[in-house]
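Per-entry structural report
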Amino acid sequence: MTDFTSIDRYLQKNRQSQLDELFELLRIASISADSSKRPEMTEAANWVQAKLASGGLKTQLISGDGPSLVYAETEPVPGKPVVLVYGHYDVQPADPLNLWHSPPFEPVVKDGNIYARGSTDDKGQMMTHIQSVIAWQRCNQKLPLQVKFLIEGQEESGSEVLETKLPEIADQIASDVIVISDSSQYAQGQPAITYGLRGIAYYEIRVYGPKADLHSGSFGGAVTNPGLALARILTEMKTPDGRIQLPGFYDSVVDLEASEREMWQQLNFSDEAFAEQLGVDALTGETGYTTLERRWARPTLDVHGLLGGYQGEGGKTIIPSWTGAKISFRLVPNQHPKAVTEQLRSFLAQHAPPGVRIELIDLHGGRGVMADPKSPFMKGAMRAVEEGFGVKPVLIREGGSIPIVAQMVEATNADVLLLGWGLDDDGAHSPNEKFCLEDYYRGIRASTRLWHHLAQAG
Ligand code: BES
Ligand code: MN
Ligand code: MN
């Protein structure tokens with residue numbers, strides 16, 4: 001029999017040390033996109049491995065061409081399901097540094113929140129499952145199922161090592177259900193289980209014109225301006241009413257179910273409050289869909305950055321020799337990034353004006369994910385979240401992407417549970433990223449219940 005009294009007593013007694021431990025990890029600037037941070041990547045991987053080993057798990061570092069994967073497992077429990085916890089120890093770059101109220105890698109608790117880069121995405125969320133398994137072990141409670149961990153160091157920059165290693169480690173990570181805490185609750189006080197994530201297809205487009213910058217007085221009017229050519233291409237790619245114009249783009253898109261639309265209506269989402277939270281005077285997007293539908297279940301296109309031309313002080317009258325844009329499409333389940341690349345190629349071929357040459361650089365991508373909201377594991381997870389947070393979770397989808405998950409699901413044939421402990425306004429990828437301190441503890445508590453309920457479900 002599982003004795004949650006002793007586990008709860010342990011959790012109560014160890015709140016400070018659980019926070020101190022998270023702080024240790026948050027102090028490591030494990031920015032995967034920054035090649036000068038390779039020592040920090042190694043330090044973070046070693047730290048996570050040592051933490052898992054301290055809970056009595058068998059651990060292993062799986063090294064490849066990039067930051068190592070941390071693998072760990074508890075004892076097998078015959079006849080019971082196997083859980084695989086996925087998470088990431090890498091974080092986004094912290095810039096612009098001047099906008100942080102306290103340094104990004106010197107975690108502090110302020111007004112009930114932990115402030116640090118990686119606090120919510122994903123070190124804080126990922127640590128809840130490590131702390132929960134350690135709690136079971138320290139209380140001499142035999143885990144009712146086997147828990148495996150696969151924590152990678154490149155989620156924020158393409159998951160190359162994991163993608164390459166997947167075929168080799170497929171047997172090792174064999175599992176019935178993958179648990180991921182790297183997303184959000186619906187709102188403060190309203191936990192959620194996410195049953196869908198969007199995919200992504202990320203590109204850089206470059207437009208090359210004259211062989212050098214030209215005096216725009218002498219040459220303006222005689223050649224295609226790469227800035228204008230790029231602007232035209234980008235605006236033609238998405239109509240003002242939010243439809244993407246790549247040929248065949250919507251062919252594989254699965255539209256929302258009527259039941260989902262109804263379920264999300266019940267969430268009482270306020271467009272006004274949302275616009276105010278974002279500091280915009282209007283919300284825009286694809287005609288015929290609500291804001292939640294557009295964010296969670298419809299594909300879209302965004303520009304992330306514009307390159308080239310004169311960016312300095314004052315004016316400079318040139319026709320730039322080249323310009324560029326970083327763009328991405330968010331995809332819904334069933335859309336494939338490879339197909340989008342082909343659609344984008346043919347769009348660019350059709351829309352390239354004469355006098356410029358266009359280059360398409362395929363940066364990275366991943367398919368979307370759908371979980372079955374009616375699976376037995378989902379029911380078990382609902383109970384665990386309710387016991388951890390004291391409120392019944394709602395079912396949502398989310399717009400963000402964890403690109404490698406679709407491939408992990410394919411490699412393992414497992415169900416997936418997206419149990420997000422974060423909040424929409426945590427500032428992931430932004431300055432002053434935070435994670436609610438109590439949600440760290442609630443997440444740990446929910447996770448201690450999760451093993452019990454998943455064992456019953458399997
Ligand atoms: N944890 C996020 C994914 C996420 C964000 C899920 C919001 C649900 C809601 C993850 O770390 C992330 O940032 N993913 C990137 C992937 C990109 C770098 C390829 C994303 O979604 O932009
Ligand atoms: Mn993340
Ligand atoms: Mn992220």
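Residues numbered from 1 in each chain as written. Chains lettered and ligands numbered in written order. Predicted model: local features only at pLDDT ≥ 70, side-chain atom pairs only at ≥ 80, totals over all residues. Heavy atoms only, no water.

Quick look at the coordination of the manganese ion (ligand 3)
The condition that has to hold: Donor criterion used throughout: N, O or S atom within 2.8 Å of the metal, extended to 3.2 Å for Na, K and Ca. Water excluded; incomplete-looking sites may result. In this scheme the shape depends on donor count and angles: four donors with every angle between 85 and 135 degrees give tetrahedral, four or six donors with opposite pairs above 155 degrees and others between 65 and 115 give square planar or octahedral in turn, and any other case is irregular. A run of DSSP states H or I qualifies as a helix once it reaches four residues; a run of E qualifies as a strand once it reaches two. Both are numbered from the N-terminal end. Any residue under 20% of the maximum accessible area for its type is buried, any over 50% is exposed, and the rest in between are partly exposed; the area is computed with a 1.4 Å probe on protein chains only.
The protein atoms that coordinate the manganese ion (ligand 3) are Asp-121 (OD), Glu-156 (OE), Glu-156 (OE) and His-429 (NE2), at distances spanning 2.1 to 2.6 Å. One can describe the donor arrangement at the manganese ion (ligand 3) as irregular, given that its 6 donor atoms subtend angles of 54 to 156° at the metal. Donor residues for the manganese ion (ligand 3) sit on one chain with the sequence pattern D-x34-E-x272-H. In this structure the manganese ion (ligand 2) is found 3.6 Å away from the manganese ion (ligand 3), and Asp-121 serves as a bridging donor for the pair. Of this pair, Glu-156 sits in the loop between strand 6 (146-152) and helix 5 (160-169) while His-429 is found in the loop between strand 17 (415-418) and strand 18 (434-436), placing the two residues 273 residues apart along the sequence. The partly exposed category is assigned to His-429, whose relative accessible area is 41%.

Examining the side chain of Thr-412
Note the following rule: By the convention used here, residues are in contact when the closest approach between their heavy atoms is within 4.5 Å.
Assignment of secondary structure puts Thr-412 in helix 13 (residues 405-412). With sequence-adjacent residues up to four places away left out, Thr-412 is seen in contact with Ile-173, Ser-175 and Ile-178.

Some details on the packing of helix 4 (residues 119-138) against helix 14 (residues 437-457)
Here is the rule: Interaxial angle, 0 to 180 degrees, is taken between N-to-C directions of lines fitted to C-alpha atoms, where a helix line uses only the stretch in contact. Any angle that is under 35 degrees is reported as roughly parallel, and any over 145 degrees as roughly antiparallel; angles of 65 to 115 degrees are reported as roughly perpendicular and all others as oblique. Definitions for this section: a left-handed crossing has its near helix turned counterclockwise from the far helix by less than a right angle. A right-handed crossing has that turn clockwise. Throughout this entry, Asp, Glu, Lys and Arg are counted as charged residues, while Ala, Val, Leu, Ile, Met, Phe, Trp, Tyr, Cys and Pro are counted as nonpolar. The remaining residues, Gly among them, count as polar.
Relative to each other, helix 4 and helix 14 sit at 50°, their axes nearing to 8 Å. Compared by their axis directions, helix 4 and helix 14 come out oblique. Viewed along their axes, helix 4 and helix 14 form a crossing whose handedness is right-handed. Here Gly-124, Met-127, Thr-128, His-129, Gln-131, Ser-132, Val-133 and Trp-136 of helix 4 lie close against helix 14, whose contacting residues are Tyr-440, Gly-443, Ile-444, Ser-447, Thr-448, Leu-450 and Trp-451. Here the contact of helix 4 with helix 14 is composed, by residue class, of 7 nonpolar, 8 polar and no charged.

Here's the deal with the domain arrangement of the chain
The criterion, for reference: As used throughout, domain bounds are those supplied by an automatic or database domain assignment. In short, buried area is how much 1.4 Å probe accessible area vanishes from two parts on joining, totalled over both. Salt-bridge detection follows one rule: a side-chain nitrogen of Lys or Arg within 4 Å of a carboxyl oxygen of Asp or Glu. Pairs of N or O atoms are called polar contacts if they sit within 3.5 Å, as long as, within protein, a hydrogen donor faces a hydrogen acceptor (for residues adjacent in sequence, only side-chain-to-side-chain pairs).
Parsing the chain into structural domains produces domain 1 (4-197 + 368-457) and domain 2 (199-253 + 299-366). The straight-line distance from the C-alpha centre of domain 1 to that of domain 2 is 36 Å. Facing 9 residues of domain 1, the contacting portion of domain 2 comprises 6 residues. Counting each side, the surface lost to burial between domain 1 and domain 2 is near 650 Å², with a carbon and sulfur contribution of 57%. Of all residues in domain 1, Gly-368, Ser-401 and Pro-403 bury the most surface against domain 2, accounting for 57% of the area lost on that side. Connecting domain 1 to domain 2 are 0 salt bridges. Between domain 1 and domain 2 we count 2 residue pairs in polar contact (both at pLDDT 80 or more) in total.

Section: the nonpolar core
Operational definition: Take the buried Ala, Val, Leu, Ile, Met, Phe, Trp, Tyr and Cys residues and link them wherever side-chain atoms come within 4.5 Å; each set so joined is a nonpolar core.
Val-48, Phe-149 and Trp-451 are the most contacted members of the largest nonpolar core, which totals 94 residues. The element contributing the most residues to this core is helix 14, with 9 residues. Ignoring sequence-local partners within four residues, the contact set of Val-48 consists of Leu-25, Val-70, Tyr-89, Met-126, Ile-130 and Ile-151. Judged by nonpolar contacts, the second largest core, of 26 residues, contains Val-253, Ala-325, Leu-331 and Phe-347.

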